[in-house]
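Working through the structure, step by step
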Protein chains: 6
Amino acid sequence: MPRLWRRQAPGTEIVGMQPTVGPEAIEGPFDGALCLPGLLKQVVAAEAQHVDAHIIACFDDTGLDAARAIATKPVIGIGEASFHAVSLVAHSFCVVTTLSRSVPLIEDNIRRYGFSHRCRRVFASDIPVLELERPESGASERISEFIREGIRLGAEGIALGCAGMAEFASALQRKHDIPVVDGIGAAVGLAETLIRCGLEPSKRGVWAMPAHAKGLDRFE
Amino acid sequence: MPRLWRRQAPGTEIVGMQPTVGPEAIEGPFDGALCLPGLLKQVVAAEAQHVDAHIIACFDDTGLDAARAIATKPVIGIGEASFHAVSLVAHSFCVVTTLSRSVPLIEDNIRRYGFSHRCRRVFASDIPVLELERPESGASERISEFIREGIRLGAEGIALGCAGMAEFASALQRKHDIPVVDGIGAAVGLAETLIRCGLEPSKRGVWAMPAHAKGLDRFE
Amino acid sequence: MPRLWRRQAPGTEIVGMQPTVGPEAIEGPFDGALCLPGLLKQVVAAEAQHVDAHIIACFDDTGLDAARAIATKPVIGIGEASFHAVSLVAHSFCVVTTLSRSVPLIEDNIRRYGFSHRCRRVFASDIPVLELERPESGASERISEFIREGIRLGAEGIALGCAGMAEFASALQRKHDIPVVDGIGAAVGLAETLIRCGLEPSKRGVWAMPAHAKGLDRFE
Amino acid sequence: MPRLWRRQAPGTEIVGMQPTVGPEAIEGPFDGALCLPGLLKQVVAAEAQHVDAHIIACFDDTGLDAARAIATKPVIGIGEASFHAVSLVAHSFCVVTTLSRSVPLIEDNIRRYGFSHRCRRVFASDIPVLELERPESGASERISEFIREGIRLGAEGIALGCAGMAEFASALQRKHDIPVVDGIGAAVGLAETLIRCGLEPSKRGVWAMPAHAKGLDRFE
Amino acid sequence: MPRLWRRQAPGTEIVGMQPTVGPEAIEGPFDGALCLPGLLKQVVAAEAQHVDAHIIACFDDTGLDAARAIATKPVIGIGEASFHAVSLVAHSFCVVTTLSRSVPLIEDNIRRYGFSHRCRRVFASDIPVLELERPESGASERISEFIREGIRLGAEGIALGCAGMAEFASALQRKHDIPVVDGIGAAVGLAETLIRCGLEPSKRGVWAMPAHAKGLDRFE
Amino acid sequence: MPRLWRRQAPGTEIVGMQPTVGPEAIEGPFDGALCLPGLLKQVVAAEAQHVDAHIIACFDDTGLDAARAIATKPVIGIGEASFHAVSLVAHSFCVVTTLSRSVPLIEDNIRRYGFSHRCRRVFASDIPVLELERPESGASERISEFIREGIRLGAEGIALGCAGMAEFASALQRKHDIPVVDGIGAAVGLAETLIRCGLEPSKRGVWAMPAHAKGLDRFE
């Protein structure tokens, strides 16, 4: 995935980590629940390696609160990063994601973060993830159809609702002359921002460090 | 816990189940994440035993979406049940829970379900759970202090934000002359309601049955 | 109407009462206002007969606050009951009601209770009530059209917005494979829930018992 | 009450009408319900006399939707008029009303109209209405205490939440150097505005004229 | 523009003033910013001439907070006036404005004032302002198309979102049998209301008089 | 001000620019309006110098929409930057600003961006700006009092609501063990994020480039 990582600042190193337990992909809340032990183990491992920040590269922002509780360093989800970034370059926006079953989760997150009044619609393209990886498959044109519909609804910007769509962002932006946000790039920038500002997850409330994280040992 | 279960309709049988893997108690989002595989395994087991409905007896409503995805029968959380019930007998309400670190989670849930404008305040009593089980410990009087403060804020009803507080509900209701909701009783009633009405979780959207639940096998 | 009442718990007896003064049907806010004295007299009469709870079988939830003020027992409207029930089995929902002039009242109620973010649309079928009672009239197919449109809008559940539609709920649910809520069944369940939990309308605020209810005598 | 009516434009004549059936005063939702037939009969009578507009001089805006349905001319409630007027001269405001049991009704109305984010608090002075009419009773000083508390909360304006408080508005405004709105004056101005602009209640939706108003004859 | 001003009360004199510096028309936020010095100079000049109130005749309500800060007399924007007026005669409404680039500004204002839940849609007619002034140009018919679409969306009233459309209000109202609000007429009425009620912008908060207004001298 | 600028990424150069016309400081909406021509001229000048992004270093985010309309490069306000950043490290936050007259403007902005449900309170310290620059003046201790009060209200993070407070951020963060955000650092990071992601203000809606910016020439 190095192509996705070209957007970091000079000196920023990005290390990809993958849970060793859990579902292959996150398609809905059941998969999201099952991935949590594996995801949290990676956060613990990364903290032990003294990383400066964590990025959860799932557009559902799965496990964000749990990860912030167990981390001492900033944790950013690519979903939230997309919404923050697009709202800085577009008065209102649309999201184009893959699965229709993820739309309510994304709508819930948008409302939870406070961006509902800026979001015109969350579209499900229903493009299989494998198709996304074959550019000749017409996935880009299918995403384009939703971007056109979003523009008709008044959207001034687009958030691509799947890490696998990141490769298309630049070309779609040029094609439609509208800001198109890829969540990974946005999350890297937000993480760098928090690091440089010396900001880390507050331990005064919901993300207070748990008494013991040993429960994770059960999920080998 | 049979004392808690006295509120079911004639003919309703309630069976208590406990996850065999996961944290002892849920204190914050990290514990909430770790309990999910164990909780979901119980839901699968209960479905295999042809229960009519599931109740998640954690006031944080942990895993509600994931459980509804994997269940064919109604799933009710005791947090949401409390908010639904109290809003039917009180124009506005307060919540008295145990841990301050749970307050933001509960506030998020209240907003997610749509009851924010009815909730005056979520109080954390910071009473250890073990104290709750010793009635001579003064826990009841400490809860009473928050009920009095809630009444001063205009609350017309109280939701007890912890399954361990259910024993106190009736006495507190009489003492303060204000509706006091215990979430387990409310959840049992809502589950019975859905069963009698023939209502089951919609499979048309976010709770569509996952392609395979075998991932659960990893979490023995 | 005994067919509607098949959903109560064992031991629950349901008694239908009809105001003796007021409009034949409630079509809009003027009719709603005129029905109040008659409705409240029935509540007073029912309290004198020591009922355990009251159900207001109008989807507009007409007179809910006034009835709760004069009642010592739970009062449930079938509109609010529908919204509570559907939100427990569907992430978002649509309503199919009869008259377009009732749509704004229903939208106001949905917002007042806090379910706006879950409601995709309130449809008016404009089917005359008499047609509803003649199954051969095609009313069911007309409701089906709105259910299909609701599903296209992303609704995962349907609330039937008229007591006269309750007969269709089960068949529509099977036909469209989506939860379809009939408000009377839902209201009966919620009333039973509150009764079993010992919850009655708070008298600490807006529903405090009025000094005297004798004003009702004027409306014979 | 001519003292209250000094604020109309030249040429505006104000006629006071009183329902002949219903409670003496409106204290809570039960009284509000009982006053409706009498109130609506006055609206019908006033329409027959070709008035140009109707004002409902109850701060709860009782019967506003029903009156607009049966009227062809503008109908203004003094509660809504107060909120509209104060929001034009104050970024945020507080309300000082009489009875605590009316506070939830007023809060509901403020939210229904859309002014919640501008309202810092609704105070109940618990001053009996008769006391309001005896200026030597200290009612003005008691209202002043709530105005001071409202200013501490950041309110830039005050709405007096009871027609009986209108006499105090000017003196309180001078004393506290803050806009103090009397709802009757505001309602008269709004009614004149709508009349001059040729605006009348829309008959295209919830306020469509009912098929027959003869139901009113029952409530002599 | 005297034709627009026929709606004032007897004795009200309206004086038109035009900034001597700034853009010819306000098309978007840049023009809105540039017009402010000129607009505020007119407010200072009008205060020196002891006017009773100020109306900002731009539907974007440009400079409203700044003008209220420097004025001792009521200041009303024609946008806000339209929303207040239409919400008194219609349960929900649509806006028909000229430029699509103004739509987000108007939506922001509607949300800021609290009317979002009443507004079904803000339409941009994209009629050039000069066309508006030539009645034979078909502008009226183009506005009618949006009114028809608004009615299909459930709007019960229409706000014309441009001062130049005021001439059409009465004819459109008759044609479509729906309340059509012209913001200038509404603003005149609201200003008269505040004057008669003795209400002036609160100086206790955001509109406190600035220490010195001499900065305006720089913008000759 | 180089001390403030220590937080940029390697290779980022920050150039401070000051309007040559307009008020010395922005205290309320009148000053905010007067500063706009000067501010926008600086944006035009900076675009001519081919900067990569613009930061408006006023916590009120004065002129943000107008600047985005005339800019082709990202524009970030330090107020919005603070709210975005603090919401990534704190579930809820408080703001400590200087002037009480700015509180409503900041509250409006927080609501406009969508962060109201995360903001517990906006405090005005009423510390004169000059005092902020003299660390021996006790300003830090006065800010600390509000941070303690914010923590009592449940805030998990603090946003310092004035560029002049940025110097205190690190020390206050250590002292109170809570994230403390300085808006300039946050804005620099967000600007770098947008630059690296190739995101620029959408020209498809409210920020469409104005036909001509020559109006600025009038404000020398």
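Residues numbered from 1 in each chain as written. Chains lettered and ligands numbered in written order. Predicted model: local features only at pLDDT ≥ 70, side-chain atom pairs only at ≥ 80, totals over all residues. Heavy atoms only, no water.

Our next topic: the interface of chain A and chain F. Taken together, the contacts link 48 residues of chain A with 48 residues of chain F. Carbon and sulfur atoms make up 60% of the area that chain A and chain F hide from each other, which totals about 3800 Å². The three residues of chain A that bury the most area against chain F are Leu88(A), Arg196(A) and Arg204(A), which together make up 18% of that side's buried surface. Remark: the boundary between chain A and chain F carries 21 residue pairs in polar contact (both at pLDDT 80 or more). (Contact = heavy atoms within 4.5 Å. Buried area = accessible area lost by both parts, 1.4 Å probe. Polar contact = N/O pair within 3.5 Å; in protein donor to acceptor, adjacent residues only side chain to side chain.)

Tallied over the full model, the rule gives 54 salt bridges over all chains. Among the salt bridges present, the one from Asp65(A) reaches Arg112(A), with a minimum N-O distance of 3.4 Å. Placement of the pair is Asp65(A) in helix H3 (residues 64–70) and Arg112(A) in helix H5 (residues 103–113), with a sequence separation of 47 residues. The partner of Arg68(C) in a salt bridge is Glu80(C), and the shortest N-O contact between them spans 2.7 Å. (Salt bridge = Lys/Arg side-chain N within 4 Å of Asp/Glu carboxyl O. Helix = DSSP H or I, 4+ residues; strand = E, 2+ residues; numbered from the N terminus.)

Okay, the relation of the copies chain E and chain D next. Mapping chain E onto chain D calls for a rotation angle of 180° and an axial translation of 0.0 Å; the resulting RMSD is 0.0 Å. Given the turn and translation reported, the copies of this chain are related as if by a two-fold rotation axis. For chain E, the smallest separation between a C-alpha atom and the rotation axis is recorded for Gly114(E), amounting to 2.2 Å. Most of the interface of chain E is mirrored in chain D: 100% of its interface residues are interface residues there too. (Least-squares fit on C-alpha atoms with pLDDT ≥ 70 in both.)

Next up on the list: the relation of the copies chain A and chain F. Expressed as a screw operation, the relation of chain A to chain F combines 0.0 Å of axial shift with a rotation of 180°, fitting to an RMSD of 0.0 Å. When the interface residues of chain A are mapped onto chain F, 100% of them again lie at the interface, so the same face is used by both copies.

Moving on to the interface of chain E and chain D. At the interface, 48 residues of chain E touch 48 residues of chain D. Across the interface of chain E and chain D, roughly 3800 Å² is buried in total on both sides, 60% from carbon and sulfur atoms. Here chain E is connected to chain D by zero salt bridges. Here chain E and chain D share 21 residue pairs in polar contact (both at pLDDT 80 or more) between them. Among the elements of the structure, helix H4 (78–89), helix H5 (103–113), helix H8 (169–176), strand S6 (180–182) and helix H9 (183–196) of chain E are those that each provide at least two residues to the side of chain E that touches chain D. Sorting elements by how many residues they give to the side of chain E that touches chain D places H9(E) first, with eight residues.

The next thing to look at is helix H5 (residues 103–113) of chain F. One turn of an α-helix holds 3.6 residues; hence residues three or four places apart share an orientation. Residue and element names in this part refer to chain F. Across the eleven residues that make up H5, a large majority, eight, are buried. Where H5 is concerned, the buried positions are Val 103, Pro 104, Leu 105, Ile 106, Asp 108, Asn 109, Ile 110 and Tyr 113. Backbone geometry just after H5 places Gly 114 at a positive phi near 105°. (Buried < 20%, exposed > 50% of the residue type's maximum accessible area, 1.4 Å probe, protein only.)

Time to look at the sheet that holds strand S3 (residues 93–97) of chain F. Residues and elements named next belong to chain F. Pairing is parallel in the open sheet, where four strands are placed in the order S4-S3-S5-S6. Edge strands, defined here as strands with exactly one partner in the open sheet, are strand S4 (119–124) and strand S6 (180–182). When strand polarity is set aside, the average angle formed by the axes of neighbouring strands in this sheet is 20°. Judged from the five bridges that link them, S3 and S4 form a sheet pairing that is parallel. Bridge pairing in S4 places Thr 97 opposite Ala 124. Lying on the sheet, helix H4 (residues 78–89) is in contact with S3, strand S5 (157–161) and S6; it crosses S6 at an angle near 150°. Of the strands in this sheet, S5 and S6 are in contact with helix H8 (residues 169–176), which crosses S6 at around 175°. (Pairing = 2+ DSSP bridges. Axes fitted to C-alpha atoms, helices over the stretch in contact; angles between N-to-C directions.)

Before going further, it helps to spend a moment on the domain arrangement of chain A. The figure often quoted for interface size is the accessible area lost as the parts come together. All names here are of chain A. Assigned domains of chain A: these are domain 1 (2–78 + 186–219) and domain 2 (80–182). Between the C-alpha centres of domain 1 and domain 2 the distance comes to 23 Å. Taken residue by residue, the interface counts 21 residues in domain 1 and 24 residues in domain 2. The contact between domain 1 and domain 2 buries some 1800 Å² in all, and 51% of this surface belongs to carbon and sulfur atoms. Run the count over domain 1 and domain 2 and you get two salt bridges. Where domain 1 touches domain 2, the interface holds nine residue pairs in polar contact (both at pLDDT 80 or more). (Domains from an automatic or database assignment.)

This next bit is on the confidence of the model for chain A. Residue and element names in this part refer to chain A. Per-residue confidence for chain A gives a mean pLDDT of 91, with 93% of residues at or over 70. When the criterion is pLDDT under 50, residues 1–5 qualifies, and its contacts beyond four places in sequence or with other chains add up to seven contacts. At the level of chain-chain contacts, confidence expressed as ipTM amounts to 0.94, with global pTM at 0.95. (pLDDT = per-residue confidence, 0-100.)

This part takes up the environment of Val206(D). Residues and elements named next belong to chain D. With respect to the helices and strands, Val 206 occurs in the segment after helix H9 (183–196). Residue Val 206 is classed as buried on the basis of its relative accessible area of 0%. Val 206 sits 138 residues away from Arg 68 along the chain, and the two C-alpha atoms are 9.0 Å apart.

What follows concerns the nonpolar core. Counting residues in hydrophobic clusters, the biggest one holds 294 residues, and the most contacted among them are Leu40(B), Leu40(C), Leu40(E) and Leu40(F). Not counting chain neighbours up to four residues away, the residues in contact with Leu40(B) comprise Phe30(A), Ala33(A), Leu34(A), Ala66(B), Ala67(B), Ile70(B) and Leu216(B). (Core = buried A, V, L, I, M, F, W, Y, C linked by side-chain atoms within 4.5 Å.)

Now for unusual backbone geometry. Look at Asp177(C): it is not a glycine, yet its phi comes out positive at around 50°. Here Asp177(C) is to be found in the loop between helix H8 (169–176) and strand S6 (180–182). The phi dihedral of Asp126(F) falls on the positive side, at around 55°, and the residue is not glycine. As for its placement among the helices and strands, Asp126(F) is situated in the loop between S4 and helix H6 (129–132). Taking relative accessible area as the criterion, Asp126(F) reaches 46% and is therefore assigned partly exposed.

Glancing now at the packing of helix H9 (residues 183–196) of chain B against helix H9 (residues 183–196) of chain C. The geometry of H9(B) relative to H9(C) is characterised by a closest axis approach of 9 Å and an angle of 155° between their N-to-C directions. Looking at the two axes, H9(B) sits roughly antiparallel to H9(C). You can see that H9(B) and H9(C) cross each other, and the crossing is right-handed. Here H9(B) contributes Ala186(B), Gly189(B), Leu190(B), Glu192(B), Thr193(B) and Arg196(B) to the contact with H9(C), which in turn contributes Ala186(C), Gly189(C), Leu190(C), Glu192(C), Thr193(C) and Arg196(C). Each residue belonging to the contact of H9(B) with H9(C) can be placed in one class, and the counts come to four nonpolar, four polar and four charged. (Parallel < 35°, antiparallel > 145°, perpendicular 65-115°, else oblique. Left-handed = near helix turned anticlockwise from the far one by under 90°. Nonpolar A, V, L, I, M, F, W, Y, C, P; charged D, E, K, R; others polar.)

Residue and element names in this part refer to chain E. On the basis of which strands lie adjacent, the open sheet formed by four strands has the order S4-S3-S5-S6 and parallel pairing. With one partner strand each, in any of the chains shown, strand S4 (119–124) and S6 form the two edges of the open sheet. Neighbour-to-neighbour, the strand axes of this sheet turn through a mean angle of 20°, independent of strand direction. Strands in contact with H8 are strand S5 (157–161) and S6; relative to S6, the strand with the most contacts, it is inclined by about 175°.

Attention now moves to the side chain of Ser144(D). All names here are of chain D. Assignment of secondary structure puts Ser 144 in helix H7 (residues 139–152). Taking the relative accessible area as the measure of exposure, Ser 144 reaches 0% and is therefore buried. In contact with Ser 144, other than residues within four places in its own chain, are Leu 172, Lys 175 and His 176.

Turning our eyes to something else, we now look at the packing of aromatic side chains. Using the criterion set out here, one finds 27 aromatic pairs over all chains in the structure. Measuring from ring centre to ring centre gives 6.1 Å for Phe83(B) and Phe93(B), while their planes differ by 20°; the resulting arrangement is stacked. Separated by ten residues along the polypeptide, Phe83(B) in helix H4 (residues 78–89) and Phe93(B) in strand S3 (residues 93–97) bring together distant segments of the chain. Side by side, Phe83(B) and Phe93(B) carry an identical accessibility label, which is buried. Note on Phe123(E) and Phe146(E): the rings are 5.3 Å apart at their centroids and 45° apart in plane angle, and the pair reads as tilted. Linking Phe123(E) in strand S4 with Phe146(E) in helix H7 (residues 139–152), this pair joins segments that are 23 residues apart in sequence. Overall, Phe123(E) belongs to the buried group, its relative accessible area being 7%. (Phe/Tyr/Trp six-rings, centres within 6.5 Å; stacked < 30°, edge-to-face > 60°.)

Among the secondary structure elements, Ala171(D) is positioned in helix H8 (residues 169–176). Residue class for Ala171(D) comes out partly exposed when judged on its relative accessible area of 41%.

This part covers the environment of Ser92(E). Residues and elements named next belong to chain E. Relative to the helices and strands, Ser 92 resides in the loop between H4 and strand S3 (93–97). Measuring from C-alpha to C-alpha, the distance between Ser 92 and Leu 153 comes to 9.7 Å, with 61 residues separating the pair along the chain. Residues within four places of Ser 92 in sequence aside, it is in contact with Arg 118, Arg 120, Gly 154, Ala 155, Glu 156 and Gly 157. Of note is the side chain of Ser 92, whose polar atom sits 3.2 Å from the backbone oxygen of Gly 154.

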